[in-house]
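Each chain, letter by letter, is given below.
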Amino acid sequence: MDIRELARHLGLSIGTVSRALNDRKDVSPDTRKRVVEAARLHGYIPNQSGRTLRSGRTGTIGFMLTLEHDSAIHGDPFFMALLEGVQAGLGEHDLDLAVLLARKGEDGLTFLRRHVSRGTVDGWVLSGTQHDDPRIAFLLDRGIPFVALGRTATARDYAWIDLDFEGVVADAMGLLTGAGHRRIGLVAPPATINNSHIVVEQYRHALAQAGIAFDPALVHHGETDESDGEVTARELMALPDRPTALLLMGETAPVGAYRALRRLGLEPGRDVAVIGLRDNPACRALSPDLTCFSLELDDLGLALARGLVTLLPGQQDMNEPLVQRLWGMTLRLGQSHLALGQSPIAN
């Protein structure tokens, strides 16, 4: 049933039916109720293309997902749980979510320009934020609503929510230095990713607090996936003065690190302390139980959606500050960090 048939069935004009369905104030409550109930009974679905042409809005929010460094490429459910929260928040305002995947190797700004020129969505959630991320200025200059999952180096004001990497590294390094570790290997994301800068800076700060000299040979920038975790752990253990502990800031890097250590005759949690980033399904089968951090992804997604909705036309409140929030992660103690800070026996 289209809107003409619905109007004919109700004995009303098409305009009255349209205004009732769009909750316009110039329609009486009784008429609105009658129209809405008839629409539900007869399965009427508005023509979104027509509504978009009339209003200039799609009723859809785009989540830009970049595959190079996000969990999605490794089959981890990080983004599925996050997106569930985003959709729940958008659903509170009758908005839909579209996940838009940038092709592997595709420039993020080019991807964004293409969809903005097409008017694909009304607003954006950006993931995989770079240290120097031109997408931020592009959207700000055009007044396009967005919220970023992550900070960048830009000095301009914009809406963002980021994981509290400062707190994560401080807690992890506190455990390790407190146990006497002075050689701590760090596996960090690529230097182009903004959180990599935060992680390394906090790592250096924690070393200085403990009176330990920074050694760049102990810091590795890579994909932080399972393969990278294995290769990097093997390389770090090959150093003349090898680390007694590893801090792995990647979703699946601990899986590869465990494998590499055991192939070298070293046992995680006994010969080498290991701390991972997140309590994710890929790491839950590790033995000994991985010491890592947990967070509520549904709640994070909900907060992203609500932060964006306040920026959309008709929802804006000039007295409401932009969301700019560090999202806390909770330390989950396993047994993998229990190795003492002494050099492992050489093999």
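Residues numbered from 1 in each chain as written. Predicted model: local features only at pLDDT ≥ 70, side-chain atom pairs only at ≥ 80, totals over all residues. Heavy atoms only, no water.

1. Some words on the packing of aromatic side chains
Centre-to-centre distance and the angle between the planes together describe a pair of aromatic rings. This is how the line gets drawn: Here the aromatic set is Phe, Tyr and Trp, taking the six-membered ring for Trp, and pairing holds for ring centres within 6.5 Å; pairs whose planes are under 30 degrees apart are stacked, those over 60 apart are edge-to-face, and all others are tilted. Elements are defined by DSSP. Helices are runs of H or I of four residues or more, strands are runs of E of two residues or more, and each kind is numbered from the N terminus. The buried label applies to any residue whose accessible area, calculated with a 1.4 Å probe on protein chains only, is under 20% of its type's maximum; exposed applies above 50%, and partly exposed to all values in between. Placement of a charge over a ring requires the Lys NZ or Arg CZ to be within 6 Å of the ring centre, with the centre-to-atom vector within 35 degrees of the ring normal.
Counted according to the given criterion, the structure contains three aromatic pairs. For the ring pair Phe146 and Tyr158, a centre distance of 6.0 Å and an interplane angle of 20° mean the geometry is stacked. Of this pair, Phe146 sits in strand E4 (residues 146-149) while Tyr158 sits in the loop between E4 and strand E5 (160-163); the two residues are 12 residues apart in sequence, bridging distant segments of the chain. Like Phe146, the residue Tyr158 is buried in the burial classification. Note on Tyr203 and Phe214: the rings are 6.2 Å apart at their centroids and 80° apart in plane angle, and the pair reads as edge-to-face. Residue Tyr203 is located in helix H9 (residues 194-209), and its partner Phe214 is located in the loop between H9 and strand E7 (219-221); the two are separated by 11 residues in the primary sequence. Positioned above the aromatic ring of Phe214, the side-chain terminus of Arg204 is 3.9 Å from the ring centre.

2. Section: the state of the cysteines
Counted only if it meets this: Only a pair of cysteine sulfur atoms within 2.5 Å qualifies as a disulfide here.
Per the counting criterion, the structure on display carries zero disulfides. Here Cys283 stays unpaired: no disulfide links it, and the sulfur of Cys292, its closest cysteine neighbor, is 6.8 Å away. What makes Cys283 buried here is its relative accessible area of 3%.

3. Some words on the environment of Phe146
Filter applied, for reference: Two residues form a contact once any of their heavy atoms are found within 4.5 Å.
Judged by relative accessible area, which is 3%, Phe146 ranks as buried. Separated by 12 residues in the primary sequence, Phe146 and Tyr158 place their C-alpha atoms 8.1 Å from one another. With residues near it in sequence (within four places) discarded, Phe146 still touches Trp124, Leu126, Ile136, Leu139, Leu140, Tyr158, Ala159, Leu308 and Leu311.

4. Focus: a negative patch on the surface
Note the cut-off: The patches reported here contain residues having more than 30% relative accessible area and no salt bridge. Joining distances are 9 Å for like charges and 5 Å for nonpolar side chains (Val, Leu, Ile, Met, Phe, Trp, Tyr). For every accessible area listed, the method is Shrake-Rupley and the probe measures 1.4 Å; residues are considered covered only by the protein chains on display. Here, a salt bridge means any Lys or Arg side-chain nitrogen found within 4 Å of an Asp or Glu carboxyl oxygen. Charge counting treats Lys and Arg as positive and Asp and Glu as negative, with His and both chain ends excluded. For the purpose of locating charges, the reference atoms are NZ of Lys, CZ of Arg, CG of Asp and CD of Glu.
Taken together, the side chains of Glu84, Glu296, Asp298 and Asp299 present a region of like negative charge at the surface. By the secondary structure assignment, Glu296 is in the loop between strand E10 (291-294) and helix H12 (297-309).

5. Quick word on the sheet that holds strand E6 (residues 184-188)
Note the following rule: DSSP bridges decide pairing: two strands pair if at least two such bridges lie between them. Only the stretch in contact is used when fitting a helix axis, every axis being a line fitted to C-alpha atoms; angles between N-to-C directions are given from 0 to 180 degrees.
Spatially, E7-E6-E8-E9-E10-E12 is the arrangement adopted by the six strands of the open sheet, whose pairing is mixed. Two strands in the sheet have a free side with no partner beyond their single neighbour: E7 and strand E12 (330-332). The mean angle between the axes of side-by-side strands here comes to 15°, regardless of whether they run parallel or antiparallel. Inspection of the sheet shows E10 paired to E12 by three bridges, in the antiparallel sense.

6. Here we look at the sheet that holds E5
Pairing within the open sheet is parallel, and its six strands lie in the order E2-E1-E3-E4-E5-E11. Two strands close off the open sheet at either side, each with one partner strand: strand E2 (96-102) and strand E11 (324-327). Ignoring strand direction, the axes of neighbouring strands in this sheet form an average angle of 20°. Examined bridge by bridge, strand E1 (residues 60-66) and E2 share seven bridges and lie parallel to one another. Each residue of the ladder has a partner; that of Ile61, found in E2, is Leu97. Against the sheet, H12 engages E1, strand E3 (123-126), E4, E5 and E11, with an angle of about 150° to E4.

7. Points about helix H3 (residues 29-41)
It helps to recall that an α-helix has 3.6 residues per turn; residues three or four apart then point in one direction. Here is the rule we go by: Each residue after the first adds 1.5 Å to the expected span of a helix. Directions pointing from the helix axis toward each C-beta atom define the arc.
The terminal C-alpha atoms of H3 lie 18 Å apart, and with 13 residues this matches the ideal 18 Å at 1.5 Å per residue to within 8%. Regarding H3, the residues found buried are Arg32, Val35, Ala38 and Ala39. Looking down the long axis of H3, one finds its buried residues gathered within 135° of arc, a one-sided arrangement. Turned more than 90 degrees away from the buried face of H3, the exposed residues are Pro29, Asp30, Lys33, Arg40 and Leu41.

8. Section: unusual backbone geometry
A cis geometry characterises the amide bond from Ser287 onward to Pro288, with omega recorded as 5°. Looking at where Pro288 falls in the secondary structure, it is placed in the loop between strand E9 (273-278) and E10. Its identity is not glycine, yet Asp94 carries a phi of approximately 55°, on the positive side. Checked against the element boundaries, Asp94 lands in the loop between helix H5 (78-91) and E2. Unusually for a residue other than glycine, Thr224 sits at a positive phi of about 55°. Relative to the assigned elements, Thr224 resides in the loop between E7 and helix H10 (226-237). Among the residues examined, Thr224 registers a relative accessible area of 9% and is labelled buried.

9. Topic: the environment of Gly222
Structurally, the position occupied by Gly222 is in the loop between E7 and H10. The class of Gly222 is buried, set by a relative accessible area of 9%. Along the sequence, Gly222 and Ser196 sit 26 residues apart, while their C-alpha atoms lie 9.8 Å from each other. Setting aside its immediate chain neighbours within four residues, Gly222 contacts Ala188, Pro189, Pro190 and Asp228.

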